[in-house]
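Observations on the model geometry
Here is what each chain is made of, one letter per residue.
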Amino acid sequence: MKVEVFRVYGNETDIAEFARKSRNGGVSSVERNANLCKSLLVAEHGTPFEIASIVWDITAPRDVADQLLRYRHTTPNVMSLRVCAPPPVDECEPCERGWYQTCLNEYERRIAVGYSREEARKCLPLSTPTRFYWSTDIRELEHIFVQRIALAAQSETRRIVEQMHREATKLFPNCFHSVVYHYETLNEESSKDDNSRS
């Protein structure tokens, strides 16, 4: 699995300036912008965070991609197995490589006997790696972090989103502080649920 930042649009200054429009202006500085971003989070005033976005370059198993790409306020562009050959086995998670190789062999057999790629791909498992660009604005990104960093989230998905969180925090250091609170709260609730079932 791989996560890289492909493009960044906007920054915290843009978010702060966007917010100031509703307050009829104000003085801009690095410190004031940081404080304004933090206060917007506390007040749950999310609209200004939609002015900035990050485009990610992600390689992940199909089941992880399916969980991420279900968020409606994001824009994906996914590698199509209808026109591309499946990725090689070394891009698959190590624990899945044996089964993935078996499925790849069946895919190649189908291609050899005349199946189209569109038909041949049906034998590929959910562990098949897929590559996609994924554009997320900062508001939606925080929502994704809150849900997918929790212990209740699938572990592979959580690993991808934790990598995204580390990169996003470098770019927008004052836009995700509430994630820490939600992360701890969700994990505490998840632990309580686990204890009540045991």
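Above this text sits the structure in question.
No experiment lies behind these values; they were computed from the predicted model shown.

1. A look at the overall build of the protein chain
When its secondary structure is counted, the protein chain shows eight helices and four strands. In the protein chain, the succession of helices and strands from N to C terminus is β-α-α-β-α-β-α-α-β-α-α-α. Looking at the 198 residues of the protein chain, the share that counts as buried comes to 41%. Of the roughly 11,100 Å² that the protein chain leaves accessible, carbon and sulfur atoms contribute 49%.

2. Description of unusual backbone geometry
Of note, Glu44 is a non-glycine position whose phi angle comes to about 55°, a positive value. By relative accessible area, which is 73% here, Glu44 ends up exposed.

3. Points about helix H2 (residues 30-42)
The end-to-end C-alpha separation of H2 is 19 Å, in line with the 18 Å expected for 13 residues at 1.5 Å each. Within the sequence span of H2, burial applies to Asn33, Ala34, Leu36, Cys37, Leu40 and Leu41. All buried residues of H2 fall inside an arc of 160° around its axis, so they share one side. Residues of H2 that are exposed and point more than 90 degrees away from the buried face comprise Glu31 and Val42. Backbone geometry just downstream of H2 places Glu44 in the positive-phi region, at approximately 55°.

4. Regarding the side chain of Arg158
Take Arg158: it is sitting in helix H7 (residues 155-171). Buried Arg158, no salt bridge; nearest opposite-charge side chain is Glu162, N-O distance 4.3 Å. Of the polar contacts made by the side chain of Arg158, one reaches the backbone oxygen of Leu151; its length is 3.2 Å. Apart from the residues within four sequence positions on either side, Arg158 is in contact with Arg148, Ile149, Ala150, Leu151 and Ala153.

5. A short note on the pattern of salt bridges
In total, this model carries 10 salt bridges according to the counting rule given. Ionic pairing is found between Glu50 and Arg139, a salt bridge with its closest N-O pair at 2.6 Å. Here Glu50 is found in the loop between H2 and strand E2 (53-61), whereas its partner Arg139 is found in helix H6 (residues 138-148), with 89 residues between them in sequence. Arg109 serves as the salt-bridge partner of Glu106, at 2.8 Å between the closest nitrogen and oxygen. Placement of both Glu106 and Arg109 in helix H4 (residues 97-112) is noted, with a separation of three residues, approximately one turn of the helix. Sharing partners across several salt bridges, the network here consists of Glu106, Arg109 and Arg110.

6. Observations regarding the nonpolar core
Formed by 32 residues in total, the largest nonpolar core has its most connected members in Trp56, Ile58, Ile138, Leu141 and Met164. Put simply, the parts of the chain that give this core at least two residues each are helix H1 (12-20), H2, E2, helix H3 (62-68), strand E4 (129-137), H6 and H7. Residue contacts for Leu141: discarding those within four places in its chain leaves Ile54, Trp56, Thr136, Met164, Ala168 and Phe176. The next biggest cluster of nonpolar side chains, apart from the first, holds 10 residues, and it includes Met79, Cys92, Tyr100 and Ala120.

7. Side note on the sheet that holds strand E1 (residues 2-9)
With respect to topology, four strands assemble into an open sheet ordered E1-E2-E4-E3, the strand pairing being antiparallel. At either end of the open sheet lies a strand with only one pairing partner, and these are E1 and strand E3 (74-78). Sheet twist, expressed as the average angle between the axes of neighbouring strands with direction ignored, equals 20°. Relative to the sheet, H6 contacts E2, E3 and E4, its axis offset from that of E4 by approximately 125°.

8. A closer look at the side chain of Arg20
Here Arg20 is to be found in helix H1. Judged by its relative accessible area of 6%, Arg20 is buried. One polar contact links Arg20 to Glu17, side chain to side chain, over a distance of 3.1 Å.

Criteria and cut-off values
Residues numbered from 1 in each chain as written. Predicted model: local features only at pLDDT ≥ 70, side-chain atom pairs only at ≥ 80, totals over all residues. Heavy atoms only, no water. Helix = DSSP H or I, 4+ residues; strand = E, 2+ residues; numbered from the N terminus. Buried < 20%, exposed > 50% of the residue type's maximum accessible area, 1.4 Å probe, protein only. Areas by Shrake-Rupley, 256 points an atom, 1.4 Å probe, with all protein chains shown as cover. Expected span 1.5 Å × (residues − 1). Arc of directions from axis to C-beta. Lys, Arg positive; Asp, Glu negative; His and termini not counted. Salt bridge = Lys/Arg side-chain N within 4 Å of Asp/Glu carboxyl O. Polar contact = N/O pair within 3.5 Å; in protein donor to acceptor, adjacent residues only side chain to side chain. Contact = heavy atoms within 4.5 Å. Core = buried A, V, L, I, M, F, W, Y, C linked by side-chain atoms within 4.5 Å. Pairing = 2+ DSSP bridges. Axes fitted to C-alpha atoms, helices over the stretch in contact; angles between N-to-C directions.

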